[in-house]
Amino acid sequence: MAQRLDGKALANKIQSQLAADINHDSEHRDRPPGLAVLMVGDHPASAAYVRNKERACERLGIASFGSHLPADTSQATVAEIIDQLNQDDRVDGILVQLPLPDHIDAVALLNRIDPAKDADGLHPENMGRLIRGESGLRSCTPAGVMAVLKEYNIEPAGKKAVVLGRSILVGKPMALMLLEANATVTIAHSRTQDLAELCRQADILVAAVGRPNMIGADWVKPGATVIDVGINRIQDAESGKSRLVGDVDFASVEPLAGAITPVPGGIGPMTVTMLLHNTVLSYRKRFNG
Ligand SMILES: NC(=O)c1ccc[n+]([C@@H]2O[C@H](COP(=O)([O-])OP(=O)(O)OC[C@H]3O[C@@H](n4cnc5c(N)ncnc54)[C@H](OP(=O)(O)O)[C@@H]3O)[C@@H](O)[C@H]2O)c1
Ligand SMILES: Nc1nc(=O)c2c([nH]1)NC[C@@H]1CN(c3ccc(C(=O)N[C@@H](CCC(=O)O)C(=O)O)cc3)CN21
Ligand SMILES: [Mg+2]
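Residues numbered from 1 in each chain as written. Chains lettered and ligands numbered in written order. Predicted model: local features only at pLDDT ≥ 70, side-chain atom pairs only at ≥ 80, totals over all residues. Heavy atoms only, no water.

Visitor: Run through the site of ligand 2, naming residues and quoting values.
Guide: Neighbouring residues of ligand 2: 19 residues in total, closest Arg51, Asn52, Leu98, Asp120 and Gly265. Asn52 places a polar side-chain atom, nitrogen or oxygen, 2.6 Å from an oxygen atom of ligand 2. With respect to ligand 2, the side chain of Gln97 contributes an N or O atom lying 3.3 Å from a nitrogen atom. Relative to its unbound accessible area of 680 Å², ligand 2 is 88% covered by the protein chains. Ranked by the residues each element gives to the shell around ligand 2, the list is headed by helix H2 (residues 44-60), at six residues. (Near = heavy atom within 4 Å. Polar contact = N/O pair within 3.5 Å; in protein donor to acceptor, adjacent residues only side chain to side chain. Areas by Shrake-Rupley, 256 points an atom, 1.4 Å probe, with all protein chains shown as cover. Helix = DSSP H or I, 4+ residues; strand = E, 2+ residues; numbered from the N terminus.)

Structure, rendered in structure tokens:
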């Protein structure tokens, strides 16, 4: 039976430390750290994220600045709001919730965020730093995955890692961070052939696809570490209630994996935590240069 990697517990631990840091800082600063979240339209995975972020900000003493805009908001309007947040001295971190509606050019908006306030680590400057192995603001979900591996002493060096998914948000930065940690990394996607067989070779398998329960027992090497990034809302057949599931069929994979993250309670809470961490980093940098 796999060891359960408790992202929620690690998130709570890191958040307590962050709260203490913020408390200490606020004694000699005139304002708390501030995080702004821009959401256009609605998306089920985003709703869970926004909810948890706001709760955590409140708990830690981070000021929240949110705009939830209707799905038909124009590109120009969103761009203008980003410009205002870039100028706003109370705001240290800016996050534009993805995915955006089809009529919006997401890349143009991400490029518009002041890289020093890019709490999501998606601006080309911060992604470029990641590629070069420099320090900077790093994508929250992959950073959260690396923190979980570290906490549980799972060493990527020399291991075969397969990352399923190649998005800018998760898959690509995830692969870069595993590579930085000296894993041998393969990135798989919708055009990859013999996917199950490829995944079965992984010592560390990261699933970031967005397909409920796609990864079954026959995709996993016995003893492998399985990281489930997927957040999918499904309707439970029996109860009729909706609930969150990952990309991994947890019930069938848990018995043979070496270690596994649950959904909920795995990488989701770590993503929120890394976002807060990035916001506090930017805050300190803005005061200390
Ligand atoms: N836990 C967290 O904190 C967190 C954070 C972010 C996202 N998420 C969740 O993680 C999942 C992925 O998010 P994302 O933003 O990376 O999604 P995305 O932009 O939709 O990317 C999905 C990736 O999966 C690949 N893919 C789709 N269907 C596939 C298939 N049948 N076989 C193989 N590959 C397939 C796609 O391949 P192509 O490139 O070829 O299309 C793409 O690269 C979603 O469930 C999302 O809600 C969770
Ligand atoms: N710009 C951007 N950055 C992101 O990191 C991001 C987006 N957009 N859009 C949505 C996805 C999905 N993300 C999520 C989704 C859920 C949790 C989360 O906290 N999940 C909890 C439980 C949720 C619940 O039960 O309400 C978990 O335990 O998995 C975190 C990040 C982050 N994502
Ligand atoms: Mg999770």
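Visitor: Residue-level account of the site of ligand 1, with values.
Guide: Lining the immediate surroundings of ligand 1 are 23 residues, of which Arg166, Ser167, Ser190, Val229 and Thr271 lie closest. Within the contact set of ligand 1, a nitrogen atom lies 3.1 Å away from a backbone nitrogen or oxygen of Val229. When ligand 1 is considered free in solution it has 930 Å² of accessible area, and contact with the protein chains removes 72% of it. With three residues, the top contributor of residues to the shell around ligand 1 is helix H10 (residues 267-288). Broken down by class, the residue content of the shell around ligand 1 amounts to eleven nonpolar, ten polar and two charged. (Nonpolar A, V, L, I, M, F, W, Y, C, P; charged D, E, K, R; others polar.)

Visitor: Go over empty space enclosed by the protein, please, and point to the residues and values.
Guide: Per the counting criterion, the structure on display carries one cavity of 30 Å³ or more. Each pocket or cavity is described by its volume, and for the largest cavity that value is around 70 Å³. Taken together, Leu35, Ala36, Val37, Val50, Lys53, Glu54, Cys57, Ser64, Phe65 and Gly66 make up the full set of residues lining the largest cavity. Among the elements that make up the lining of the largest cavity, the one with the highest residue count is H2 (four residues). Here the lining of the largest cavity is composed, by residue class, of six nonpolar, two polar and two charged. (1 Å grid on protein atoms, 1.4 Å probe; cavity = no way out; pocket = protein on both sides within 12 Å on 5 of 7 lines; lining within 4 Å. Points joined across faces, edges and corners; volume = space filled by probe spheres on them.)

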